[in-house]
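# Structure assessment
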Amino acid sequence: MVWQPPIPGDAVVCGLLTALFCLLAFRFRSRLAASGPAAAVFLVLLAVPVLIGLARLYRPFAGEPFFEAVLIEAYAMLLGMALPLALVLVFMARHRRSWEIRRCRNDIEVMRGWKDPAAARRILALVRHLSRLGASGLDLSRCHLRQLNLSGMSLTGALLVGADLEDANLSASNLKDADLQGAALHRAVMRRADLSGSVLWGADMREAVLVEAELRGALLKEADLTGADLSGARLGRARGLTAEQLGRAKTLHGSELPAPLLSQVKARYPALLRAG
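Residues numbered from 1 in each chain as written. Predicted model: local features only at pLDDT ≥ 70, side-chain atom pairs only at ≥ 80, totals over all residues. Heavy atoms only, no water.

It is worth spelling out the confidence of the model for the protein at this point. The predicted coordinates of low-pLDDT regions are not to be read in fine detail. Looking at the protein, the pLDDT average stands at 81 and 67% of residues meet or exceed 70. The spread of mean pLDDT over the elements of the protein runs between helix H3 (residues 37–56), the lowest at 54, and helix H6 (residues 243–247), the highest at 95. For residues 56–62, every residue scores under 50 in pLDDT, and the model assigns this stretch five contacts once sequence neighbours within four places are set aside. (pLDDT = per-residue confidence, 0-100. Helix = DSSP H or I, 4+ residues; strand = E, 2+ residues; numbered from the N terminus. Contact = heavy atoms within 4.5 Å.)

See the structure below:
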């Protein structure tokens, strides 16, 4: 009597190949997710024939029943994997955006505080990518973004506490409800930027260009506005703002000021309201 193994050899081979492939897929799951569902399908459908082809190297005769059984088992395995694979791809497609946002946030965290220009450019690229993904509330506190072009970027609700934005271009950017407490905005260009509801407490805004900027409801307590161009800026309902702060500005021509501040500026700094 010939002894028969309890599990057929072809089933053992296909089981081992399946286990190996599952381990590799789990190991590189983040890369598969970032590549998109189409790439994942391609890799899955390509991996099984490759693995079966490698198994063939150990069989000198492809026509043997064993190899034929392996091929049959492999195709059956592909059919059996169709539904689970479809579910996995749907899950990956739904969560790809959140995984990508988490990865970018982690990269920014690693480079926080770096003064290297290359790191600043890398952070800028990550911020742009996050903006395209629709991420909000970015944490860029203490990041060095000096002299970078952030114009037109959506930074709604961003945390920029202590960020270095000296000489940066923030024209037409959306900084609504952003926290810029103690930020360095020396000579920053914020022409037509939306800073409504933002926190600019103690921010260094010397010589900043705030032409036609939206600052309604912004907190400007102790902000340094020395030499700042506030022509056409809308400062209605601005909080913590004093006439002394405005008196150090370069110009206030055409700006919108709260009524009490406007009367004080007219009485003490009338030249600032005239066209320069």
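Compared with the 22 Å implied by 1.5 Å per residue over 16 residues, the 23 Å span of helix H5 (residues 117–132) between its first and last C-alpha is a close match. Of the residues making up H5, those classed as buried are Ala119, Ala120, Ile123, Leu124, Leu126, Val127 and Leu130. Considered in projection along H5, the buried side chains sweep an arc of 165 degrees and stay on one side of the axis. Exposed residues on H5 whose side chains face more than 90 degrees from its buried face are Pro117, Arg121 and Arg132. Phi turns positive one or two residues past the end of H5, at Gly134, with a value near 80 degrees. (Expected span 1.5 Å × (residues − 1). Buried < 20%, exposed > 50% of the residue type's maximum accessible area, 1.4 Å probe, protein only. Arc of directions from axis to C-beta.)

Below, the discussion takes up the side chain of Ser173. With respect to the helices, strands and loops of the structure, Ser173 is situated in the loop between H5 and H6. Given a relative accessible area of 1%, Ser173 falls into the buried group. Polar side-chain contacts of Ser173 include one of 2.5 Å to the backbone oxygen of Leu170. Setting aside anything within four residues of it in sequence, one finds Ser173 in contact with Leu150, Gly152, Met153, Ala193 and Asp194. (Polar contact = N/O pair within 3.5 Å; in protein donor to acceptor, adjacent residues only side chain to side chain.)

Scanning the model with the defined rule gives 14 salt bridges in all. The salt bridge partner of Arg122 is Asp107, with a shortest N-O separation of 3.6 Å. With Arg122 in helix H5 and Asp107 in helix H4 (residues 65–110), this residue pair connects regions lying 15 residues apart in the sequence. With relative accessibility at 23%, the residue Asp107 sits in the partly exposed group. For Asp164, the salt bridge is made with Arg146, and the minimal N-O distance between the two is 2.8 Å. Here Arg146 lies in the loop between H5 and H6 and Asp164 lies in the loop between H5 and H6, a separation of 18 residues in the sequence. (Salt bridge = Lys/Arg side-chain N within 4 Å of Asp/Glu carboxyl O.)

To continue, consider the nonpolar core. Core analysis: the largest hydrophobic core is formed by 60 residues, its most contacted members being Leu140, Leu165, Leu185, Met190, Met205, Leu215 and Leu246. Among the elements that take part in this core, H5 stands out by supplying seven residues, more than any other. Residue contacts for Leu185: discarding those within four places in its chain leaves Leu165, Leu170, Met190, Leu200, Ala203, Asp204, Met205, Arg206 and Ala208. (Core = buried A, V, L, I, M, F, W, Y, C linked by side-chain atoms within 4.5 Å.)

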